Amino acid sequence: MAFTGTPTLRLTRSQHERIIASCYDGLPNEACGLLGGPANGALEEPTGVVTQVFPTSNVDASSLTYTVDGKEMLRAMRTMDEVGEVLVGCWHSHTHTEAYPSPTDVRTAAANPNWIYVIVSLKPEHGHPVLRAYRIRDGVIAEVAVDVVG
């Protein structure tokens, strides 16, 4: 079976706004956070539905890279475990480049190949933030549709 950019990522308007706000709050550095939701099967394939967003600290404190704070990740994992769900993805911002995975993003994604990776471009030329989502597996990048509701 070929790897595809499914499922559609489903965010509420409030979650979308919170992700965008966290990206602005992180400036001049990249911002990052985690996505929680239901998953299917033993491989924990995301359904695409996001039930919780967790803005986190970028311990790299860099405008070029991000690393989610380990303690904050553990707290988010515990929160999701309490409701019978899992972490299904993460987001980070690109402060001056497009919302497309960099080679570093592709390498980093190898640790969690089932996740959905959201990138928010804050490139000034856009005039507004651009949010796009991807699945990245074995170095293959597949864009995921994003549906913002509510």
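Just so it is clear, the model here is predicted, and its values are computed rather than measured.

Cut-offs and rules
Residues numbered from 1 in each chain as written. Predicted model: local features only at pLDDT ≥ 70, side-chain atom pairs only at ≥ 80, totals over all residues. Heavy atoms only, no water. Phe/Tyr/Trp six-rings, centres within 6.5 Å; stacked < 30°, edge-to-face > 60°. Helix = DSSP H or I, 4+ residues; strand = E, 2+ residues; numbered from the N terminus. Buried < 20%, exposed > 50% of the residue type's maximum accessible area, 1.4 Å probe, protein only. Lys, Arg positive; Asp, Glu negative; His and termini not counted. Salt bridge = Lys/Arg side-chain N within 4 Å of Asp/Glu carboxyl O. Contact = heavy atoms within 4.5 Å. Polar contact = N/O pair within 3.5 Å; in protein donor to acceptor, adjacent residues only side chain to side chain.

Asker: Help me get a handle on the packing of aromatic side chains, residues and values and all.
Answerer: Applying the stated criterion to the full structure yields two aromatic pairs. Where Tyr100 meets Tyr134, the ring centres are 5.5 Å apart and the plane angle is 85°; that geometry is what we call edge-to-face. Separated by 34 residues along the polypeptide, Tyr100 in the loop between β6 (86-94) and α3 (103-109) and Tyr134 in strand β8 (residues 130-137) bring together distant segments of the chain. Assessed through its relative accessible area of 1%, Tyr134 is described here as buried. Relative to Tyr117, the ring of Trp115 has its centre 6.2 Å away and its plane inclined at 45°; by these criteria the two rings are tilted. We note that Trp115, like Tyr117, is buried.

Asker: A description of the side chain of Asp69 should follow, citing residues and the corresponding values.
Answerer: Mapped onto the elements of the fold, Asp69 is located in the loop between β5 (52-56) and α2 (70-82). Buried charge Asp69 goes without a salt bridge, the closest partner of opposite sign being Arg75 at 5.1 Å. What Asp69 contacts, discounting residues up to four positions off in sequence, is Ser57 and Val59.

Asker: Any chance you could break down the environment of Thr79 for me, citing the residues and the numbers?
Answerer: Inspection of the secondary structure puts Thr79 in helix α2. Judged by relative accessible area, Thr79 falls into the partly exposed class, the value being 27%. Among residues more than four places away in sequence, those in contact with Thr79 are Gln52 and Phe54.

Asker: Any details on the side chain of Asn58? Residues and values, ideally.
Answerer: Within the element layout of this structure, Asn58 appears in the loop between β5 and α2. A polar atom in the side chain of Asn58 sits 2.9 Å from the backbone oxygen of Glu30. Looking at Asn58, its side chain comes within polar contact range of the main-chain nitrogen of Thr67, at 3.1 Å. Dropping the residues within four chain positions of it, Asn58 is found in contact with Glu30, Cys32, Thr65, Tyr66 and Thr67.

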